[in-house]
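Topology and contacts: notes
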Amino acid sequence: MGLKQLGIVKEIVESAGMGISYTYEDLVFIEHNAFLLQFTDKDHELLIHINQEADGSSIQADIARLKAEASVRKMIFRDGIYYTISQGEDENIHLEFAEL
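This is a predicted model, so every value here is computed, not measured. (Residues numbered from 1 in each chain as written. Predicted model: local features only at pLDDT ≥ 70, side-chain atom pairs only at ≥ 80, totals over all residues. Heavy atoms only, no water.)

**With respect to the environment of valine 28**
- Mapped onto the secondary structure, valine 28 falls in strand S2 (residues 27-30).
- Valine 28 gets classed as buried once you look at its relative accessible area, which sits at 0%.
- Remark: the alpha-carbon pair of valine 28 and phenylalanine 39, spanning 11 residues in sequence, is separated by 8.2 Å.
- Setting aside residues no more than four positions away along its own chain, valine 28 makes contact with Leu6, Ile20, Tyr22, Thr23, Leu36, Leu37 and Phe39. (Helix = DSSP H or I, 4+ residues; strand = E, 2+ residues; numbered from the N terminus. Buried < 20%, exposed > 50% of the residue type's maximum accessible area, 1.4 Å probe, protein only. Contact = heavy atoms within 4.5 Å.)

**Re helix H2 (residues 56-72)**
- For H2, built from 17 residues, the straight-helix expectation of 24 Å at 1.5 Å per residue is met to within 8% by its first-to-last C-alpha distance of 24 Å.
- Burial in H2 covers these residues: Ile59, Asp62, Ile63, Leu66 and Ala70.
- A positive phi of about 60 degrees marks lysine 74, the residue just after H2. (Expected span 1.5 Å × (residues − 1).)

**Examining the pairing of strand S4 (residues 45-51)**
- Of all seven residues making up S4, six are buried, and the element is well covered by its neighbours.
- Pairing of strand S3 (residues 35-39) with S4, which is carried by five bridges, proceeds in the antiparallel orientation. Within the sheet, the bridge partner assigned to phenylalanine 35 lies in S4 and is isoleucine 50.
- A loop of five residues connects S3 with S4, the two strands running antiparallel in sequence, and histidine 44 in this loop sits at a positive phi of about 65 degrees.
- As defined by bridge partners, S4 adjoins strand S5 (residues 76-87) across six bridges and the pair is classed as parallel. Bridge pairing links asparagine 51 to tyrosine 83 in S5. (Pairing = 2+ DSSP bridges.)

By themselves these figures say nothing about function.
Have a look at this one:
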């Protein structure tokens, strides 16, 4: 993930009325934790992974806004898979992605 793409992704997220809370390696955490973004091996493409605890119907409008803003900036946001997030005994968070 290059800094240029992260800058563009930040613009997309903010244009859709959201914010980035944290980035780690190829993951971009969105403030509300209903979903997160993941860079792929393809330039200008990200996956949108949905938190299993999120209300899928209520976040569809947010995801649609992200995809529309991405399209304007020649980026592609594709549907990913579901994930769970938990707090470990240490102060780290643990992500577990659903099997495809």
